[in-house]
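# A structural walkthrough
Spelled out from the first residue to the last, the chains are:
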Amino acid sequence: MNQTVVEIDKLWSVFRAEGLDVVVHQDLDLRIEAGEVLSIVGGSGSGKTVLLRQMLGLEQPTRGRVTVLDKPAAQLGSDGAASRVGMLFQHGALFSAFTVLENIAFPLRELRTLPKALIHDAAMVKLQMVGLDPAQAHKMPADLSGGMIKRVALARALIMDPPLLLLDEPTSGLDPDSADTFCALLRSLHHELGLTVVMVTHDLDTLFELSTRIAVVADKRIIVCGTPAEVIAYPHPFIHDFFLGDRGQRASSLLRTHPDAV
């Protein structure tokens, strides 16, 4: 039986806006099992990134329970949280005043328990793990391409070897070739490291390339969670518009021409 890595029960997310309560999630349930790549999709304002933030413990639900690796998500804010969950933010979120190597090493440095030489060596290993040459280590973020920024951010997310990796729009802003290369890297690392991956994306090519399951947020809850083929077959207006338009038809051709792609 697979281990449940993330468990969300009866989640309510309510925000105050202009004097009114806005309900984003209502009785939302979700289970994420060890080793899978689960993608979360939904319309604008459906609360996809809010779910990631709640899994990280950065936001507390109004009601309900979010458990990550058998602990309440709120406890992830404690020291050493990066050893359990890695986060790749949409635009990389690198520190502009730090070099590539300093960015990657940052979570280890914050622990203040390891010698500098060990931190340096660990960061160099992760730099090469994401396909970057050691010569890039001393560059500044301003000198990097979009694809390189994503790779550095990924190396930082993995520096403490967390079992769970959260990705917010991992291929956003990349050209098609760079996005394909980054997807191939994520697929390789997922298998090599035995990661559980939770990804928010609106990019259909990325979605079909990487997902083992897709969770669709609509009507303030998860309306369906299953394999790409199962989700596409589910009758709902959002699914029809998102997956079965021209772009969706082109991307879902992966399911027909490359049945092992997901």
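Residues numbered from 1 in each chain as written. Predicted model: local features only at pLDDT ≥ 70, side-chain atom pairs only at ≥ 80, totals over all residues. Heavy atoms only, no water.

## Here's the deal with the sheet that holds strand β1 (residues 4-17)
As summarised here, the arrangement of the four strands in space is β2-β1-β4-β5, forming an open sheet in which the pairing is antiparallel. Edge positions in the sheet fall to β2 (20-33) and β5 (71-72), since each of these pairs with one other strand and no more. Note that β1 and β2 share 10 bridges and pair antiparallel. Pairing of A17 across the sheet is with L20, part of β2. Against the sheet, helix α1 (residues 48-56) engages β1, β2 and β4 (63-68), with an angle of about 120° to β1. (Pairing = 2+ DSSP bridges. Helix = DSSP H or I, 4+ residues; strand = E, 2+ residues; numbered from the N terminus. Contact = heavy atoms within 4.5 Å. Axes fitted to C-alpha atoms, helices over the stretch in contact; angles between N-to-C directions.)

## Focus on helix α4 (residues 146-157)
In this model, α4 (12 residues) spans 17 Å end to end at C-alpha, consistent with the 16 Å of a helix rising 1.5 Å per residue. For α4, the buried fraction is high: 10 of the 12 residues fall into the buried class. Where α4 is buried, its residues contact β6 (85-88), α2 (100-111), α3 (116-129), β7 (164-168) and α5 (176-193). (Expected span 1.5 Å × (residues − 1). Buried < 20%, exposed > 50% of the residue type's maximum accessible area, 1.4 Å probe, protein only.)

## Quick word on the packing of α2 against α3
Taken N-terminus to C-terminus, the directions of α2 and α3 make an angle of 120°; their axes are 9 Å apart at the nearest point. As judged from the angle between their axes, α2 and α3 are oblique. For the pair α2 and α3, the crossing hand works out as right-handed. Facing V100, L101, I104, A105, L108 and R109 of α2, the residues of α3 in contact are I119, H120, A122, A123, M124, K126 and L127. Among the residues forming the contact of α2 with α3, the class breakdown is 10 nonpolar, one polar and two charged. (Parallel < 35°, antiparallel > 145°, perpendicular 65-115°, else oblique. Left-handed = near helix turned anticlockwise from the far one by under 90°. Nonpolar A, V, L, I, M, F, W, Y, C, P; charged D, E, K, R; others polar.)

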